[in-house]
Amino acid sequence: MPIDVTRTRQCLSAFDFEPLFINELGWDRHTQTLEVSLDDHTFALKAIAQKRGMIAFVCNWPDGHIPDYAVRRKIEHQIAKSVHEHLIIYTDADKGKQRWQWVKRELGKPAVCREHAYYRGQPGDALIQKLAAIAFTLEEEENLTIVDVTGRTRAAFDVERVTRRFYDRFKTEHAAFLKFIKGIPGEELQRWYASVMINRLMFIYFIQKKGFLDGDRDYLRNKLEQTRLSGKDRFYADFLCPLFFEGFAKKEDERTPAFNQLLGKVPFLNGGIFQLHQLEELYGKGIHIADTAFEKLFSFFEQYQWHLDERPLRRDDEINPDVLGYIFEKYINQKQMGAYYTKEDITGYISQNTVIPWLFDIARQKCRIAFEGESSVWQLLQADPDRYIYPAVKRGVGLSLPPEIAAGLGDVSQRTEWNRPAPEEYALPTEIWREVVARRKRCEEVWTKLVEGEIRQINDLITFNLDIRQFAQDVIENTEGPELLRSFWHALTKITILDPTCGSGAFLFAALNMLEPLYEACLNRMQVFLDDLERSGEKHRPEKFSDFRQALAEVERHPNLRYFILKSIILNNLYGVDIMEEAVEICKLRLFLKLVAQVENVGEIEPLPDIDFNICAGNTLVGFTTRQEIQRAMTMGQNAQIRMLSTEDMETMQRIDESAEIADRAFRQFRQMQTQSGMDSGDFADAKRELRRRLQVLEDELNIYLASEYGVVTRGEGPKGIGLAYQQWLTSHKPFHWFVDFYGIMKNGGFDVIIGNPPFVEYSKVKGDYTVRGYKTESCGNLYAF
């Protein structure tokens, strides 16, 4: 039913829930009051309306604040015993915020809580959109049932459904946009370019809503209408291409007056995303996209609120970078390719338990004294053991066991009640008493080890499931000597983290989120050392703590501390490869959005890092990793017999080594250019072009050697003398040469940390597309073994 948005917004803002439900949503009056007892306190929830048995309650917590999530779940659990289907609205005493709670229940599945936060002063559009779904008319009354009411409530409040609707529509719009692309041969390349274009446009939608584009929050739509005045189907060629390759890719004073007039005031963004893509370099001005494609796409985008706020529960907009990332994970993770969405708790667990031990190992090598003796870093564990035991592990540990359960501790025959579910004040979800007792015992054992100082290795924190992230941050924040701080800072800035099957970046984001507070702790601690030195009044050498001063001075050249940290991590620490070009584009887009989200006004925007050489497309399992593999391919005979390396072979290898070394120097210079202010955008583009050219020449040569290993004839009747079989092999196998693309890292021994979720698909299913050679694994038919 259409609702009066103005009146609904007034009711929300005034916290007038009864008129909201009765007058605006068409619910019926209900005056039930339910008492809830928690932690020796009893209070009442007041029912304000009902519809066919679904009841809406308002909860005013006794201390005037909205209770935390764990308490809200306990309240809901008790209410469910009396009223199975319900909504609960939690409010604070100051009438500043509301939290709407609904719980999804499905047979055979655990209950799932869905909540929506509303703050007074917000327009409340997203919440109003949900309320419109549970508004009922008089015409519906006669045939309305509880099933209808719960179904519509579910459709309104289930975030997964909202996401799925966007996801399903996104797939449809992507396919529709694809049909308008002309001038690029082959559906696969067209699909890739569709993703490139849509990603660029979504990025623009986020930043235009912040007013960063000529102060116009509907910049793209308005420019489309203006372009139509000068002719049909000219938006892509006459406006978007200039916007991408002149506006965002060049500084304002480097653009011509004509382009500045056409585009208005737009920032220089750089970042690779707005430079000529490989497909644009190949097919250039032959690419054509009709205006209708953009009209349809913009109409889809404009149904959602786009914002860069990273706290979705504090804002009532629908689409932010985190939501978009989740949607993209669903979109590109195709099960037929063995790709699966990995949830944040898993990516976080894997990332922290690989990255942090490496950081500690390096820090220990450089500052051994900090890890030995009575004043070592391990004393933090001993001094406050509870700080490092997860709350879930400690759940109910402080409570005395009921007599009937305690009786079984020393007498097995008394354990008659141990297989019953334990109440939630003692237990984690689904735990029985037997599991509760075992967890309590384990918790006490670990606590004792901490107190007695038995845990003195970083890997022990993994073994005993302790909070390794909190410990790492505490060690840095409590560092008393500058040498340990330097050791951690050096390790943080140098660590190379690879996801060899990165998808849209779930694991890389987990690593980013895990490294960020450690970077910040180091920088804050550096400032403390400098402040203490200043306050001491002592004479000191000018070079004392000069490295700290240099690091902090670098921070000052960026919009804010968080921007500097995130940019440093993205540029220096994170690397990814994926066989799906679309996934790579999405991964880069998400990283760029993470950075732009830190900027509050357009004047603070600085060029985005170009990470085209950090996040790459290619087949992780097909290509040369080391010099030895190339040498072997060069000397492989017709019958798989390896011959001696000839003088010509040695000269070729020397040339390849030199070319790879030069390319690596160009890569390091290219990265260094991104930290320089006042850099000419033309010089930057030229440097990138030259680097890409050098890499391509090397890759072309290595592809020929690799193809020979596969028995593929490379010469033929095709363009530049390339054989059709060879071209098909390149397309199917998508070789990726680690030796070339990450030469410096591989030469120094490889990546420091590998994280990720490899493809889970039977090897037999991909053999029709590509074959893997050069790997020996245990007997296993699944591709993840490779």
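The following paragraphs examine the structure supplied in this document. Just so it is clear, the structure is predicted and the values come from calculations on it, not from any experiment.

## Here we look at the overall build of the protein
Working step 1: Within the protein one finds 32 helices and 13 strands.
Working step 2: For the protein, the C-alpha radius of gyration of 30 Å lies close to 28 Å, the compact-globule estimate for 786 residues.
Working step 3: Along the first, second and third principal axes, the C-alpha atoms of the protein reach 90 × 75 × 70 Å.
Working step 4: Looking at the 786 residues of the protein, the share that counts as buried comes to 51%.
Working step 5: Taking the intrachain contacts of the protein between residues at least 6 apart in sequence as the baseline, contacts between residues at least 24 apart amount to 68%.
Working step 6: For the protein, the computed accessible surface area is about 37,700 Å², with 50% contributed by carbon and sulfur atoms.
Working step 7: Computed over 100 positive and 116 negative side-chain charges, the separation of the two mean positions in the protein equals 2 Å.

## Observations regarding the side chain of Glu 606
Working step 1: Mapped onto the secondary structure, Glu 606 falls in the loop between α25 (581-596) and β12 (615-617).
Working step 2: A relative accessible area of 12% places Glu 606 in the buried class.
Working step 3: A polar side-chain atom of Glu 606 sits 2.9 Å from a polar atom in the side chain of Lys 567.
Working step 4: With sequence-adjacent residues up to four places away left out, Glu 606 is seen in contact with Phe 268, Arg 557, His 558, Pro 559, Tyr 563 and Lys 567.

## So, the packing of aromatic side chains
Working step 1: The tally for this structure, following the rule as stated, stands at 44 aromatic pairs.
Working step 2: Measuring from ring centre to ring centre gives 6.1 Å for Phe 360 and Phe 371, while their planes differ by 75°; the resulting arrangement is edge-to-face. Pair noted here: Phe 360 is in helix α14 (residues 344-366) and Phe 371 is in the loop between α14 and α15 (379-383), with a separation of 11 residues, a long-range link.
Working step 3: Ring geometry for Tyr 726 against Trp 729: centres 6.0 Å apart, planes inclined by 20°, an arrangement best described as stacked. Of this pair, Tyr 726 and Trp 729 are both found in helix α29 (residues 724-733), 3 residues apart, which corresponds to roughly one turn of the helix.
Working step 4: Here Tyr 726 falls in the buried class, since its relative accessible area comes to 5%.

## Points about the environment of Leu 279
Working step 1: One can find Leu 279 in helix α11 (residues 278-283).
Working step 2: Along the sequence, Leu 279 and Leu 189 sit 90 residues apart, while their C-alpha atoms lie 7.8 Å from each other.
Working step 3: Excluding residues within four positions of it along the chain, Leu 279 makes contact with Leu 189, Trp 192, Tyr 193, Gly 284 and Ile 287.

## Here's the deal with the pairing of strand β3 (residues 41-51)
Working step 1: Sheet analysis places strand β1 (residues 28-29) next to β3, joined by 2 bridges and oriented antiparallel. Note on β3: the bridge partner recorded for Asp 28 is Gln 50.
Working step 2: Where strand β2 (residues 33-38) and β3 come together, 6 bridges link them in antiparallel fashion. Bridge pairing in β3 places Val 36 opposite Phe 43.
Working step 3: Here β2 hands over to β3 after 2 residues, with Asp 39 in that stretch at a positive phi of 50°.
Working step 4: Note: β3 against strand β4 (residues 54-60), 6 bridges, orientation antiparallel.

## Considerations on the sheet that holds strand β11 (residues 574-578)
Working step 1: Taken in spatial order, the 4 strands of this open sheet run β12-β11-β10-β13, and their pairing is parallel. The open sheet is flanked by β12 and β13 (753-754), the only strands paired with a single partner.
Working step 2: Here 2 bridges tie strand β10 (residues 497-499) to β13, and the two strands are oriented parallel to one another. Bridge pairing links Leu 498 to Ile 754 in β13.

## Some thoughts on the pattern of salt bridges
Working step 1: In total, this model carries 47 salt bridges according to the counting rule given.
Working step 2: Where Arg 72 meets Glu 115, a salt bridge forms, and the shortest distance between an N and an O atom there is 2.7 Å. In this pair, Arg 72 sits in helix α3 (residues 69-82) while Glu 115 sits in strand β7 (residues 112-119), placing the two residues 43 residues apart along the sequence. Per residue, the accessibility class of Arg 72 equals that of Glu 115, and both read buried.
Working step 3: Residue Glu 140 is joined to Arg 152 by a salt bridge in which the shortest nitrogen-to-oxygen separation is 2.6 Å. One end of the pair, Glu 140, is in the loop between α4 (125-133) and α5 (146-157); the other, Arg 152, is in helix α5, with 12 residues separating them in the sequence.
Working step 4: You can call Arg 152 partly exposed: its relative accessible area is 22%.
Working step 5: Shared partners join several salt bridges into a network, and the residues in it are Arg 221, Glu 225, Arg 228, Glu 295 and Glu 302.

## Some words on the pairing of strand β6 (residues 97-104)
Working step 1: Most of β6 is tucked away, with 7 of its 8 residues classed as buried.
Working step 2: Of the strand pairs in this sheet, strand β5 (residues 86-91) and β6 are connected by 4 bridges, and their pairing is antiparallel. Of the residues in β6, the one forming a bridge with Tyr 90 is Arg 99.
Working step 3: The hairpin turn running from β5 into β6, its antiparallel successor, is 5 residues long, and Lys 95 in that turn takes a positive phi close to 55°.
Working step 4: Inspection of the sheet shows β6 paired to β7 by 8 bridges, in the antiparallel sense. Pairing of Trp 100 across the sheet is with His 116, part of β7.

## A word on the packing of helix α7 (residues 187-208) against helix α12 (residues 291-301)
When two helices pack together, their arrangement is given by the angle between the helix axes and by the axis-to-axis distance.
Working step 1: Between α7 and α12, the shortest axis-to-axis distance is 12 Å and the interhelical angle comes to 45°. Taken together, the axes of α7 and α12 are oblique relative to one another. Judged by the twist between their axes, the crossing of α7 over α12 is right-handed. Where α7 approaches α12, its residues Met 197, Ile 198, Leu 201, Met 202 and Tyr 205 are matched on the opposing element by Phe 294, Leu 297, Phe 298 and Phe 301.
Working step 2: Split into classes, the residues belonging to the contact of α7 with α12 amount to 9 nonpolar, no polar and no charged.

## Side note on α29
Within an α-helix, residues lying three or four positions from one another point in the same direction, as the helix has 3.6 residues per turn.
Working step 1: Along α29, the residues that are buried comprise Tyr 726, Trp 729, Leu 730 and His 733. Angularly, the buried residues of α29 cover 100° about the axis, an arc narrow enough to put them on a single face.

Cut-offs and rules
- Each chain carries its own residue numbering, running from 1 in the direction its sequence is written.
- pLDDT decides what is reported in this predicted model: residues at 70 or higher carry local features, side-chain atom pairs at 80 or more are listed and counted, and totals for whole chains, interfaces and linings draw on all residues regardless.
- Here the side-chain values reflect all heavy atoms present in the structure, with hydrogen atoms and water set aside.
- Going along the chain from the N terminus, every DSSP run of H or I of four or more residues is numbered as a helix, and every run of E of two or more is numbered as a strand.
- As a reference, a globule follows 2.2 Å times the number of residues to the power 0.38, and the radius of gyration itself is taken over C-alpha atoms.
- Burial here depends on accessible area, computed with a 1.4 Å probe over protein chains only, as a share of the maximum for the residue type. Under 20% is buried, over 50% is exposed, and the range in between is partly exposed.
- Contact between two residues is taken to exist if any of their heavy atoms lie within 4.5 Å; hydrogens are not considered.
- Methods summary: accessible areas were calculated by the Shrake-Rupley approach with a probe of 1.4 Å, and residue burial reflects only the protein chains presented.
- Residues scored as charged are limited to Lys and Arg (positive) and Asp and Glu (negative), so that His and the chain ends carry no count.
- Charge coordinates come from a single atom per side chain, which is NZ of Lys, CZ of Arg, CG of Asp or CD of Glu.
- Between N or O atoms, a polar contact is any pair within 3.5 Å; within protein, one atom must be a potential hydrogen donor and the other a potential acceptor, and residues adjacent in sequence are included only when both atoms are from side chains.
- The pairing test for Phe, Tyr and Trp rings, Trp by its six-membered ring, is centres within 6.5 Å, and the orientation test on the planes gives stacked under 30 degrees, edge-to-face over 60, and tilted for anything in between.
- For two strands to be treated as a pair, DSSP must find no fewer than two bridges joining them.
- Here, a salt bridge means any Lys or Arg side-chain nitrogen found within 4 Å of an Asp or Glu carboxyl oxygen.
- Axes, fitted as lines to C-alpha atoms, cover a helix only where it is in contact. Angles between the N-to-C directions of the axes lie from 0 to 180 degrees.
- Any angle from 65 to 115 degrees is called roughly perpendicular, while one under 35 is roughly parallel, one over 145 is roughly antiparallel, and all others are oblique.
- Handedness of a crossing follows from how the near helix is turned relative to the far one, being left-handed for an anticlockwise turn of less than a right angle and right-handed for a clockwise one.
- Any residue outside Ala, Val, Leu, Ile, Met, Phe, Trp, Tyr, Cys, Pro, Asp, Glu, Lys and Arg is labelled polar, Gly included; the first ten of those are nonpolar and the last four are charged.
- Note: the arc covers the axis-to-C-beta directions of the helix.

That is the geometry; function is a separate question.
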